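Structure at a glance
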Amino acid sequence: MSEFKLTTVEEFEAATNRLLETGAKVGADSWQLRVKNQTPHCKFGESGVCCRICSMGPCRITPKAPRGICGCDVHGIVGRNFLRFTAGGAATHSDHGREIAHTLYTASADGNYHVKDEEKLFRLAGEFGVETENRDVYDIAHEVAEKGLMEYGKPFGHQIFTKRAPEYTQEIWDREEIRPRAIDREVSCAMHMTHMGCSSKAEALIRQALRNGLSDGWGGSMMGTEFSDVLFGTPKEVETEANLGVMVEENVNIVVHGHDPSLSEMIVECAESKEMIDYAKSMGAQGITISGVCCTSNEVAMRRGIPMAGNFLQQENVVLTGACEAIVVDVQCIFPALGPLSKCFHTKFITTSPIAQMPDSEFIRFNAKTAGENAKLIVKTAIENFKNRNKDLVYIPQMKQKAVVGFSVEQIEKKLDTVTNTHVDKTGTMMPLVDCVKSGVLRGAVAMVGCNNPKIRPDAAHIELMKKLIANDIILVVSGCSAQAAAKAGLMDKRAKDLCGAGLKRVCELVDIPPVLHMGSCVDISRMMVLAARIAKDSGWNISQIPLVGCAPEWMSEKAVSIGNYVVATGIDTYLGVEPYAYGSSEVDGLLKGGIRDWVEAAYTVEKDIDKLGDMMIARIEEKRAALGI
Ligand code: XCC
Ligand code: SF4
């Protein structure tokens with residue numbers, strides 16, 4: 001085996017620069033150029049003090065104009081903006097969950113979608129109170145799906161999944177009146193509260209922001225994760241590769257991008273069929289390579305070992321290779337820029353969802369009932385496009401790393417079961433992990449998640465923080481574009497254990513894991529919530545006592561704020577490298593960075609100096625250890 005070495009951010013950047021040269025040749029635009037046109041950003045927008053919620057405005061708050069026309073002060077305006085931002089994210093994740101529930105509802109023994117994980121289906125049936133005895137699996141699946149769909153609009157009661165949290169956490173949610181009700185209701189309520197002439201009290205707005213976030217994390221996102229597992233299998237340890245070098249010049253390259261595995265799973269299945277591979281060969285290619293971008297990539301990597309071409313700010317790069325026959329997208333995080341960019345090359349930009357329609361794309365509507373045919377048409381379109389490649393433009397940076405992914409809570413549990421531990425004689429417990437933390441072999445854990453953002457040197461914050469944390473015996477659980485940054489660098493190669501402190505290195509060797517565990521896509525941050533709940537129950541600690549913090553160093557989306565809110569509201573301190581649009585109000589800023597600690601025992605910290613951000617997380621973990629007396 002060749003010597004193991006991480007790929008550096010400098011190497012990423014050199015590859016990108018080389019691709020941008022190709023772009024310049026064909027007159028392509030790029031985010032790097034657009035950032036220049038958009039900076040400096042508007043300060044009113046950035047600090048959250050601009051209100052355009054009614055048409056008497058827009059109103060913006062300055063020292064000379066401290067109130068909007070309706071009399072709303074800066075705290076009301078910033079608070080409303082923050083809540084609407086959250087509602088956007090919660091709606092997005094939850095609607096993704098809803099789509100998966102509908103897919104589950106269409107599953108049948110002879111249809112496009114099947115139940116792959118019966119065990120999980122039965123567990124969910126138990127939680128949802130669905131009868132299982134002497135019933136057909138698909139009858140159960142349909143009733144579970146329907147129950148799940150009801151969680152979106154049920155008139156009474158709270159989210160069923162909140163019962164998975166420790167009692168203590170549930171008591172906090174009830175006491176603070178933030179236990180989420182129907183998912184759609186929390187989004188609607190947020191929109192209602194922020195309408196002209198409703199709430200302008202920062203405290204009320206932030207409270208709803210937490211509840212709306214919780215309806216995502218312990219509602220819609222959790223549903224997305226669980227139902228995806230039922231349909232496509234609960235992720236297990238699997239090997240894959242990451243970075244642009246996974247694209248193969250001799251093959252038809254299809255890149256899947258977006259979030260919903262209902263599409264990508266079908267595409268992969270179709271592209272792996274002999275019929276399609278033969279067809280590709282008849283068109284002069286040697287085969288078909290599917291690779292992914294963003295969360296859809298995480299989904300198929302975790303379940304099928306499909307390689308990851310890159311993360312959010314690398315999406316234009318896959319087209320710039322000149323070797324991408326089709327980039328197939330569903331929903332979320334898709335640059336509209338892919339339309340005009342693909343026109344500079346032979347690439348087909350294929351949109352598939354009525355929810356994400358874009359100019360300059362080819363729209364092949366994807367539907368659960370006709371999924372097989374839709375996937376075939378898409379794969380064929382890509383294959384037939386192979387001959388249109390301009391060979392002079394092809395350049396794939398030969399850069400990739402091996403990665404071991406697929407660490408669902410179930411997989412982590414199985415890994416821990418393999419560790420002989422004198423204190424633990426039963427399986428299915430988090431105690432081996434807790435014991436490592438208690439003894440100090442592991443100092444704690446960081447859940448690192450989220451996007452790239454041009455405000456931060458892309459991937460640098462994720463990777464530098466991870467390196468620093470593992471060197472300090474802090475294990476990482478990661479998801480989303482953070483996970484892909486780690487994989488591209490090589491931090492999900494088991495050999496990365498050599499970059500760890502002595503304690504974490506021993507744990508990696510014993511349990512046979514890399515120091516950075518890939519837990520999935522962004523809806524899968526719900527897995528991290530379940531993991532935290534399990535650790536709390538097994539250890540007897542409250543979630544807020546666990547030496548665990550959350551971190552999104554390069555976040556950009558509304559979804560990330562919704563996530564941040566549910567992570568904090570679950571009792572986990574969260575560290576950000578990008579400031580939310582909230583600093584214009586001392587009250588809102590004060591609540592988010594401190595005041596809410598009185599409600600939920602956790603709060604946000606924002607620090608743009610990434611090295612400092614790392615130090616602060618380590619200090620917080622040590623503080624939590626000291627408080628536990630370990
Ligand atoms: Fe999107 Fe989920 Fe962010 Fe990546 S991490 S840029 S939200 S793909 Ni969720
Ligand atoms: Fe201005 Fe009030 Fe209307 Fe907002 S709601 S735009 S602050 S008048």
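These figures come from a predicted structure and were not determined experimentally.

Let us look at the site of ligand 1. All residues in the neighbourhood of ligand 1 are listed as H259, C294, C295, F312, C333, G450, C451, C481, C522, M556, S557 and K559. Tallied by class, the residues present in the shell around ligand 1 amount to eight nonpolar, three polar and one charged.

Moving on: the coordination of the nickel atom of ligand 1. The sole protein-derived ligand of the nickel atom of ligand 1 is C522 (SG), positioned 1.8 Å away. With respect to the element layout, C522 can be found in the loop between β13 (516-518) and α21 (525-539).

In this section: the packing of helix α18 (residues 460-471) against helix α25 (residues 610-628). It is the contact of α18 with α25, at a shortest axis distance of 10 Å, that shows an interaxial angle of 40°. Compared by their axis directions, α18 and α25 come out oblique. Relative to α25, the crossing made by α18 is right-handed. For the pair formed by α18 and α25, the contact residues are A461, L465, K468 and L469 on the first element and I610, D611, L613, G614, D615, M617 and I618 on the second. Residues that form the contact of α18 with α25 fall into these classes: seven nonpolar, one polar and three charged.

Our next topic: the side chain of D473. One can find D473 in the loop between α18 and β12 (474-478). Among the polar contacts made by the side chain of D473, one reaches the main-chain amide nitrogen of L504 at a distance of 2.8 Å. Excluding residues within four positions of it along the chain, D473 makes contact with V441, L442, R443, G444, G501, A502, G503 and L504.

Tracing the sequence through the fold places A109 in the loop between α4 (74-106) and α5 (118-128). The sequence separation of A109 and Y138 amounts to 29 residues, and the corresponding C-alpha distance is 7.4 Å.

With that settled, the discussion passes to the site of ligand 2. C51, I53, C54, M56, G57, C59, G68, I69, C70, I77, R80 and M196 make up every residue found near ligand 2. In terms of residue class, the shell around ligand 2 is built from nine nonpolar, two polar and one charged.

This part takes up the pattern of salt bridges. The final tally for this structure, using the stated rule, is 55 salt bridges. We note a salt bridge from E299 to R303, for which the minimum N-O separation is 2.8 Å. Of this pair, E299 and R303 both sit in helix α12 (residues 294-304), four residues apart, which is roughly one turn of that helix. The residues E299 and R303 share a single accessibility class, namely buried. Between R443 and E622 there is a salt bridge, with its nearest N and O atoms 2.8 Å apart. Separated by 179 residues along the polypeptide, R443 in the loop between α17 (431-439) and β11 (444-448) and E622 in helix α25 bring together distant segments of the chain. We classify R443 as partly exposed; its relative accessible area is 25%. Given the relative accessible area of 28%, E622 is considered partly exposed. Where salt bridges share partners, they join K120, R123, E127, R164, E226, D229, E299, R303, E410, D524 and R527 into one cluster.

On to the pairing of β12. Within β12, five of the five residues are buried, which leaves the element mostly enclosed by the surrounding structure. Burial along β12 is two-sided: the residues I474, L476 and V478 and I475 and V477 are all buried. Viewed along the sheet, the connection from β11 through α18 into β12 turns out right-handed. In the sheet, β12 pairs with β13 via three bridges, with the strands oriented parallel. Note on β13: the bridge partner recorded for L476 is V516.

Criteria and thresholds
- Residues numbered from 1 in each chain as written.
- Chains lettered and ligands numbered in written order.
- Predicted model: local features only at pLDDT ≥ 70, side-chain atom pairs only at ≥ 80, totals over all residues.
- Heavy atoms only, no water.
- Near = heavy atom within 4 Å.
- Nonpolar A, V, L, I, M, F, W, Y, C, P; charged D, E, K, R; others polar.
- Donors = N, O, S within 2.8 Å, 3.2 Å for Na, K, Ca; no water.
- Helix = DSSP H or I, 4+ residues; strand = E, 2+ residues; numbered from the N terminus.
- Axes fitted to C-alpha atoms, helices over the stretch in contact; angles between N-to-C directions.
- Parallel < 35°, antiparallel > 145°, perpendicular 65-115°, else oblique.
- Left-handed = near helix turned anticlockwise from the far one by under 90°.
- Contact = heavy atoms within 4.5 Å.
- Polar contact = N/O pair within 3.5 Å; in protein donor to acceptor, adjacent residues only side chain to side chain.
- Salt bridge = Lys/Arg side-chain N within 4 Å of Asp/Glu carboxyl O.
- Buried < 20%, exposed > 50% of the residue type's maximum accessible area, 1.4 Å probe, protein only.
- Right-handed = clockwise from strand over helix to strand, strands pointing away.
- Pairing = 2+ DSSP bridges.

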